[in-house]
Amino acid sequence: MLARRWIRCLVAALLWSATAAQLRYSVSEEVTEGTVVGNIAKDLGIDKNTLKQRKYRIVSSAAEPLFHLNPSDGILYVSRKIDREEVCERSSSCLMNLKTVLENPLEVHYVVVEVTDINDHSPVFPEEEITLEVFESVLPGMRIPLKPARDPDSGSLSVQHYRLSSNDHFRLEVKNKADEGKIPILIVQKQLDREVTEFYTLLLTAIDGGKPPKSGNMNIKVKVLDVNDNAPVFSKDVNTVMLEENSPVGTLVIQVNATDSDEGANGEVIYSFSNSVGQKTLSLFDINEFTGEITVNALIDYEDKDTYEIEIKATDKGPAPLTSEKSIIIKIIDVNDNTPEIEVTSLSNSIPEDSRPGTTVALISVNDLDSGLNGKVICSISDDVPFTLTPSVQDRTYSLVTKTHLDRENQTSYTLKLVATDSGKPPLSSEKIISVLVSDVNDNKPEFSQSPYTFYVSEGNNPGASLFSVKASDQDEHDNALISYHIPRDGSKDNKIASFLNINSDNGHISALKSFDFETVKSFQFQVVATDSGSPSLSSNVTVNVFILDQNDNPPVILYPVNSNGSAEGVEEIPRNVNAGHLVTKVRAYDADVGYNGWLLFSLQQFSDHSLFGLDRYTGQIRTLRSFTETDEAEHKLVILVKDNGNVSLSATATVLVKVVEPKEAFAASDVKSSAKVDEDTDVTFYLMITLGSVSVLFIISIIVLIAMQCSKSTDYTSKYLQETNYDGTLCHSIQYRSGDKRYMLVGPRMSIGSTIVPGSHANTLVLPDRRRPSEEPKAPSNDWRYSASLRAGGVMQRP
């Protein structure tokens, strides 16, 4: 059991190590397009569905990438023919770093593809044939550097060794230089004798390490010159010099010095670069052949190369020049001349507003071609945004993540400025602007413009017509802000009226399926619910209070007189000997409307003798205006019009037939009528009985008082009125009359044409203060019953 546990732990550790390591593949150069490099998805353990759903892809900024990834199966293919010598010039290893990305959530995998070299190039010498001049006095061991052959292939496939054709006087030696490769050196191994042999023809062959190997040849002609036996000698063996990059053209790097002990032309020295110096180095530096000053010839870039080793050759001017060489090492000093570069990959252009803090928005890579502190880059972002940068495991890589919760209703988008600054002196920086949109989620409920709503609706509305509307708004957008309205109907008693209401779900317009009747319902309340179209949807409700406004839609209803068949007709019998002001009857009516619509006015529409009866337009009381004479008819028909005060008034009529009888008959009829009336009054509503009872008591008291006053005064009053014929019912009309030694003025409402004003029926007698001597007693006017109190309409002012 213990052994099994160890085996399991070992297998888990190996699997973990394999998962944590970078994927590495190898592919040979010059392979055909479409060659499979490796199955990344299989090696990472990612299934095909995940690849499609999370959009597995390679992040590359190259216009023509070397590789492409099939997002369906995760296999890495070669996109085009790869020339290793073009991609990785003179590099010992050619590694292509690929960055692959899985989205939602963001996941990065790094893949390294090594492009292996094939032996597709042969060594080539700069020249097919060269001529060397060698003095015969040279000693064995003299070294003559030759221009090396170049093979674009790398490693073991480049030039591995040289071979010199067989001869007795020269041999070949190869020197390894780190940046220039293998340098062939021709060495004199036996004393030369120009008189014996003036020319030597040699064949130099360069051979690479391929299988089979490839080679290149160069013909060497050695011309033996006459004696010049002293070569120039440099003052120092090795020189190392420091040079800042970007130094201006013409900057002095170093000055070399060589001396020759010979005299004349054999002792004059000129300087030049050795044949071993590469063409690129020759383009960067220049040497003065007379002074030995080495100067800058072109822009030097530390990021391109940081060290140059230059072979300087000093040659005398003898007939057979002698040459000495010296190596100069130039080390380039880095300066902060490269601004940081910012690369944004896998940017999520839109992020939901309900994203949790720490949600990754983008991956950001920074790079600086400088070295040391000049290449150390710090990336930052402004503090006034809800985002922050967190360093990733890999150097110079950051993740842009949310710092706090987002609210689209507060801000819909953010413009972020990324700043990358290196640590050089002075520091250099670069900026990059990216935009992040905040997408909406349904996090706001609809809000009504008012709460609660109060509406006033006139009764008698048209069914189906729009009455009023409610309005709600939602701070979200698109479907999350699309609002629909409805009225909840739960079937309860309180919600019964809501069942007759209809609301337009799109605009909130509310209509009723039936007309409202103020007399049935005066106000009601219901709820309206506004729901958005988000998922899940949010809703809010509001209370709507509706008050019904009364309209003049109910005509007056006659309560008395009403006969047995329901018509407003009645018969009143009065004794012939009654005095003026006798109450014949009172027309009772009511109107179901309220306010002015229910305020009733009474007027005589038809009468047989206008001097006999008068009608109080506010109370409906019919009284006699004078006493009956023998010539008056025994029966009088009065038609009373009852109308309300609505804008368009409604009316009803009642007919009273007044029969004048002898006193004995009147008392008998009065007893019968009183008995019948008791039965009739039982049908009147309770509140009307109380009202009529109160009015009757007041009326009887007034009658008693007026009768008492009448008995002591003259009944001749008709000639004392100064009465106008037409009245309009306003409170600005007056009637003046005299009684004894006093003058009275009746102030009362004007009546419409055809109406009759009855003194005392609806007036108020106001007796002015008596300014006579205190000993004098004021005398009331005769027939004061005609001016009893009725303070609602007018009054009589007594003047001295």
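Reading the values: the criteria
Numbering of residues starts from 1 in every chain and runs along the sequence as written. A pLDDT threshold of at least 70 governs which residues receive local features in this predicted model, and a stricter bar of 80 or more applies before side-chain atom pairs are shown or counted, although totals over entire chains, interfaces and linings include all residues. Note that the side-chain values use all heavy atoms of the structure and ignore hydrogens as well as water. Helix and strand assignments come from DSSP, with helices taken as H or I runs of at least 4 residues and strands as E runs of at least 2, each series counted from the N terminus. Think of it in three bands: residues with accessible area under 20% of the maximum for their type are buried, residues over 50% are exposed, and the middle band is partly exposed, with areas taken using a 1.4 Å probe on protein chains only. Between two residues, a contact is recorded if the distance between any of their heavy atoms is within 4.5 Å. Criterion for a salt bridge: a side-chain nitrogen of Lys or Arg within 4 Å of a carboxyl oxygen of Asp or Glu. Residues enter patches when their relative accessible area tops 30% and they take part in no salt bridge; the joining distance is 9 Å for like charges and 5 Å for the nonpolar side chains Val, Leu, Ile, Met, Phe, Trp and Tyr. Exposure was quantified through the Shrake-Rupley algorithm and a 1.4 Å probe, taking into account, for residues, occlusion by the shown protein chains and nothing else. Between any two strands, at least two bridges found by DSSP are needed for them to pair. Orientation is described by axes fitted as lines to C-alpha atoms, over the contacting stretch for helices, and by angles from 0 to 180 degrees between their N-to-C directions. Each residue carries a pLDDT score, the predictor's confidence in it, ranging from 0 to 100. Two aromatic rings from Phe, Tyr or Trp, using only the six-membered ring of Trp, form a pair when their centres are within 6.5 Å; if the ring planes differ by under 30 degrees the pair is stacked, by over 60 it is edge-to-face, and anything between is tilted.

Trainee: Any chance you could explain the side chain of T655 here in plain terms?
Mentor: Tracing the backbone through its elements, the reader meets T655 in strand β49 (residues 651–661). You can call T655 buried: its relative accessible area is 18%. Each residue touching T655, except ones within four places of it in the same chain, is listed here: P561, A568, E569, G570, K637, L638 and V639.

Trainee: Would you mind going over the pattern of salt bridges with me for this structure?
Mentor: Side-chain pairs of opposite charge can arise where the charged atoms are in close proximity. Applying the stated rule across the entire model yields 15 salt bridges. Among the salt bridges present, the one from R143 reaches E173, with a minimum N-O distance of 3.0 Å. Here R143 is found in strand β9 (residues 143–145), whereas its partner E173 is found in strand β11 (residues 170–177), with 30 residues between them in sequence. With a shortest N-O distance of 3.0 Å, R626 and D632 are connected by a salt bridge. Across this residue pair, the class does not change: R626 and D632 are buried. Put simply, R408, E409, D440 and E477 are held in one network by salt bridges that share partners.

Trainee: I keep staring at a nonpolar patch on the surface and nothing clicks. Help me out?
Mentor: Taken together, the side chains of Y456, F547 and L549 define a hydrophobic patch exposed on the protein surface, amounting to about 300 Å² of accessible area. Position of L549 relative to the elements: it lies in strand β40 (residues 539–549).

Trainee: Mind showing me how you'd approach the sheet that holds strand β47 (residues 621–624) here?
Mentor: Note on sheets: strands pair through backbone hydrogen bonds, and any given pair is parallel or antiparallel. One open sheet holds the three strands; their spatial order is β43-β47-β46, and the pairing between them is antiparallel. The open sheet has two edge strands, β43 (583–586) and β46 (613–615), and neither has a second partner. Shown here is a sheet whose adjacent strand axes are inclined to one another by a mean of 20 degrees, direction ignored.

Trainee: Before we go on, may I ask you to explain the confidence of the model for the protein chain in this structure?
Mentor: With 81% of its residues at a pLDDT of 70 or more, the protein chain shows a mean pLDDT of 78. Low pLDDT (under 50) marks residues 713–800, which in the prediction has 189 contacts with non-local residues, meaning those over four places away or in another chain.

Trainee: Help me understand the packing of aromatic side chains in this model?
Mentor: Here a ring pair, both rings aromatic, is described through the centre-centre distance and the interplanar angle of the planes. This model, assessed by the stated rule, comprises 13 aromatic pairs. Aromatic side chains W599 and Y618 sit 6.3 Å apart centroid to centroid with 15 degrees between the ring planes, which places their arrangement in the stacked category. With W599 in the loop between β44 (588–590) and β45 (601–606) and Y618 in the loop between β46 and β47, this pair connects stretches of sequence that are 19 residues apart. Accessibility expressed as a relative area gives 14% for Y618, which makes it buried.

Trainee: Just to check I follow, could you spell out the sheet that holds strand β29 (residues 397–402) for this structure?
Mentor: The four strands are arranged β24-β26-β29-β28 in an open sheet whose pairing can be described as antiparallel. Where the open sheet ends on each side, the last strands, each with one partner, are β24 (341–345) and β28 (387–391). Here the strands of the sheet are splayed against their neighbours by 30 degrees on average, with no regard to which way each runs. When strand β26 (residues 360–367) meets β29, the two strands line up antiparallel, connected through five bridges. Each residue of the ladder has a partner; that of L363, found in β29, is S399.

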